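Chain residues, written in single-letter form:
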Number of protein chains: 2
Amino acid sequence: MPSQSTSGIPIIRLTGLHSEPRLDMLAAEEPLELRMSSGIAGKKRTRAIAVTMRTPGQDNELAAGFLFTEGIIQHAGDIQAIDPVEGKQGNTLCVALRDGLEPDIKKAERNFYTTSSCGVCGKTSIAAVRIVCEAGIDTQPIKVAATTLYALPDKLRAQQEVFSVTGGLHACALFTTDGSLVAMREDVGRHNALDKLIGYCMLHGQLPANQYVLLLSGRASFELVQKAAMAGIRIIAAVGAPSSLAAELAEELGITLVGFLRGERCNIYSGAERIVV
Amino acid sequence: MPSQSTSGIPIIRLTGLHSEPRLDMLAAEEPLELRMSSGIAGKKRTRAIAVTMRTPGQDNELAAGFLFTEGIIQHAGDIQAIDPVEGKQGNTLCVALRDGLEPDIKKAERNFYTTSSCGVCGKTSIAAVRIVCEAGIDTQPIKVAATTLYALPDKLRAQQEVFSVTGGLHACALFTTDGSLVAMREDVGRHNALDKLIGYCMLHGQLPANQYVLLLSGRASFELVQKAAMAGIRIIAAVGAPSSLAAELAEELGITLVGFLRGERCNIYSGAERIVV
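Keep in mind that what you see is a predicted model, and the values were worked out from it rather than measured. (Residues numbered from 1 in each chain as written. Chains lettered and ligands numbered in written order. Predicted model: local features only at pLDDT ≥ 70, side-chain atom pairs only at ≥ 80, totals over all residues. Heavy atoms only, no water.)

Participant: Which residues make up the overall build of chain A, and what values go with them?
Facilitator: Secondary structure summary: chain A contains eight helices and 16 strands in total. With the C-alpha coordinates of chain A rotated into their principal frame, the extents come out at 65 × 50 × 35 Å. Accessible surface computed for chain A: about 10800 Å², of which carbon and sulfur atoms make up 51%. Averaging the locations of the 27 positively and 29 negatively charged side chains of chain A gives two centres separated by 3 Å. (Helix = DSSP H or I, 4+ residues; strand = E, 2+ residues; numbered from the N terminus. Areas by Shrake-Rupley, 256 points an atom, 1.4 Å probe, with all protein chains shown as cover. Lys, Arg positive; Asp, Glu negative; His and termini not counted. Charge placed at Lys NZ, Arg CZ, Asp CG, Glu CD.)

Take a look at the structure:
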């Protein structure tokens, strides 16, 4: 277990009216500041682009995945280097982009929520994602058996080392359609866990991840479906409930969205044709 | 049940290898853009300050609570009016501040994560919150019986109308020390649920909320403890796990933090003197 992901603390455990001192393990949470250096060689400028509260570990993946799922970069080749900033206790990373690349951060920031034409609403949020996400991702169709899906949550829990000690982390994982684990990531923030997972894919040449099934340990929000869509993922299964906008976005993008995946049960919200019963 | 908080959608329910079409209710999720109008009368300027994905409902409370817990405003009197922006489908709110008030948004944005002196780390995040939170909040000490705490999760669930239909919402609630419900709020985002609850307190003259117990339906993160601290809350109980930084912040601020509150059990991470066994 990566020790930087957990932190020990003395607590008092109450059981009924009996109290006893104990040592408890907590999921580590620390801020991470992401900086980006961009421009033409010799004239690079660096700016802070985000601060997120995350569980330390796999920070390079988090940085790469965040820039990618937020639409700031498009390929691993857009990244020249990812380095910790000195004297910042490992909590500040700078991503140097390839020479000449100058993304429009302001545009990316508001990409997924608003378009200038109509303002802020679910429909425009969905439209904005649709514009950004690549078309033609379905060149290799994918299907998964319901019985394979049913087995995934137990496989995820078996991998969740930090959660099993702390009870405090969100997790997400990619599986092949025969149920083999590809990669799993945990974090106190569910969006961070997914950014790490997608960052892993990006840094290992596995994007688009359109041949894998994504499993989420909790609920499926708009933001998580949006990030998965950016990575080309076509099947998302969540142990918890989806939100209305998550289901609408999945439907619009032709993504299979499964919720309440527990035991031998689940709800299919969209793309049922990819689930083989 | 407020209908704008839920959304019906046709789904396929799989049970083993049996599938049947059904209508499912989902927790509604829509973007909300918050704008703020500030300056001297006649020379007011309006700017967008945040977009958050939230469950529609109690948006005025969300706006007020967000501005307060992020350290942008200090009192209900700082708000002159909260109005929907026309033509934005109810998803854009403008908060007009009292004449002459001009908060430093940039400073507020980074308030809780960094200080200029040392950079980004958990310690500086905690130090930044300590500076912002009012001192002397303990003028009226508060204690709660463990047996009262044990009963709170069931009381919260009984109130969670939207969750009970959708399974998709975070909730938080304030209780008196004898276990009576003061107010409960639900949202797809847990920070939004707490902002709505604190916004309710603010708009109803109930700040500081230092005589109430805060119950969280899920985990306790740094951000949630920070927001509670801003509202003067001295006892926080969570059904789930706290993060390391949440526990450290509670300890530093002298806040009682209880986690894993389930059945007749809980863990006390800090401030045990306020729990009467």
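Back to the write-up after that little detour.
Participant: Hey, could you go over helix α8 (residues 244-253) of chain B for me, with residue numbers and the actual values?
Facilitator: Residues and elements named next belong to chain B. Burial analysis of α8 places seven of its ten residues in the buried class, which makes it a mostly covered element. Burial in α8 covers these residues: S244, L245, A246, A247, L249, A250 and L253. Two residues or fewer after α8 comes G254, characterised by a positive phi angle close to 70°. (Buried < 20%, exposed > 50% of the residue type's maximum accessible area, 1.4 Å probe, protein only.)

Participant: Which residues make up the pairing of strand β12 (residues 213-216) of chain B, and what values go with them?
Facilitator: Residue and element names in this part refer to chain B. Where burial is concerned, the two faces of β12 agree: the one with V213 and L215 and the one with L214 and L216 are both buried. Alignment of strand β10 (residues 170-175) against β12, held across four bridges, turns out to be antiparallel. Residue pairing in the sheet places A173 in a bridge with L215 of β12. Alignment of β12 against strand β13 (residues 235-238), held across four bridges, turns out to be parallel. (Pairing = 2+ DSSP bridges.)

Participant: Please give an account of unusual backbone geometry that cites residues and values.
Facilitator: Residue and element names in this part refer to chain A. The residue after L207, namely P208, is reached through a cis peptide bond having omega -5°. Mapped onto the elements of the fold, P208 is located in the loop between α6 (190-203) and β12 (213-216). Located in the positive-phi region is Q58, a residue other than glycine, with phi close to 55°. Structurally, Q58 can be placed in the loop between β4 (45-54) and α1 (59-69). Owing to a relative accessible area of 40%, Q58 belongs among the partly exposed residues under this scheme.

Participant: For the sheet that holds strand β5 (residues 79-84) of chain A, give the residues involved together with the corresponding values.
Facilitator: Residue and element names in this part refer to chain A. Taken in spatial order, the four strands make up an open sheet running β4-β3-β6-β5, and their pairing is mixed. Single-partner strands in this sheet number two, and they are β4 and β5. If you compare each strand with its neighbour and ignore which way they point, the axes differ by 20° on average. Bridge count between β5 and strand β6 (residues 92-97): five bridges; the pairing is antiparallel. Within β6, the residue paired with A81 across the bridge is A96. (Axes fitted to C-alpha atoms, helices over the stretch in contact; angles between N-to-C directions.)

Participant: Before we move on, can you summarise the relation of the copies chain A and chain B with the specific residues and values?
Facilitator: Two chain copies, one operation linking them: a rotation about an axis together with a shift along it. Note on the identical chains: chain A maps onto chain B by a rotation of 180° and an axial translation of 0.0 Å, with an RMSD of 0.0 Å. Taken together, the rotation and translation describe the operation of a two-fold axis. (Least-squares fit on C-alpha atoms with pLDDT ≥ 70 in both.)

Participant: Any chance you could break down the pattern of salt bridges for me, citing the residues and the numbers?
Facilitator: Tallying each qualifying case throughout the model produces 20 salt bridges over all chains. The shortest N-O distance in the salt bridge between K227 of chain B and E70 of chain B comes to 2.7 Å. In this pair, K227 of chain B sits in helix α7 (residues 222-230) while E70 of chain B sits in the loop between α1 (59-69) and β5 (79-84), placing the two residues 157 residues apart along the sequence. Here the salt bridges share partners, and the residues they tie into one network are E70, D195 and K227 of chain A. (Salt bridge = Lys/Arg side-chain N within 4 Å of Asp/Glu carboxyl O.)

Participant: An account of the pairing of strand β15 (residues 265-270) of chain A is requested, with residue identities and associated values reported.
Facilitator: Of all six residues making up β15 of chain A, five are buried, and the element is well covered by its neighbours. Inspection of the sheet shows strand β14 (residues 256-262) of chain A paired to β15 of chain A by four bridges, in the antiparallel sense. Residue pairing across strands places V258 of chain A opposite I268 of chain A, the latter belonging to β15 of chain A. Between the end of β14 of chain A and the start of β15 of chain A, which pair antiparallel, lie two residues, with G263 of chain A showing a positive phi angle near 60°. Here four bridges tie β15 of chain A to strand β1 (residues 6-15) of chain B, and the two strands are oriented antiparallel to one another. In the sheet register, R265 of chain A faces β1 of chain B, and the bridge partner there is T15 of chain B.

Participant: Lay out the packing of α1 of chain A against α6 of chain A with the relevant residues and their values.
Facilitator: Residues and elements named next belong to chain A. The interhelical angle for the contact between α1 and α6, taken along N-to-C directions, is 95°, at an axis separation of 6 Å. Viewed along their axes, α1 and α6 adopt a mutual orientation that is roughly perpendicular. Contacts from N60, E61, L62, A64, G65, F66, F68 and T69 of α1 reach α6 at N192, D195, K196, I198, G199, Y200, M202 and L203. Along the lines of polarity and charge, the residues of the contact of α1 with α6 split into eight nonpolar, five polar and three charged. (Parallel < 35°, antiparallel > 145°, perpendicular 65-115°, else oblique. Contact = heavy atoms within 4.5 Å. Nonpolar A, V, L, I, M, F, W, Y, C, P; charged D, E, K, R; others polar.)

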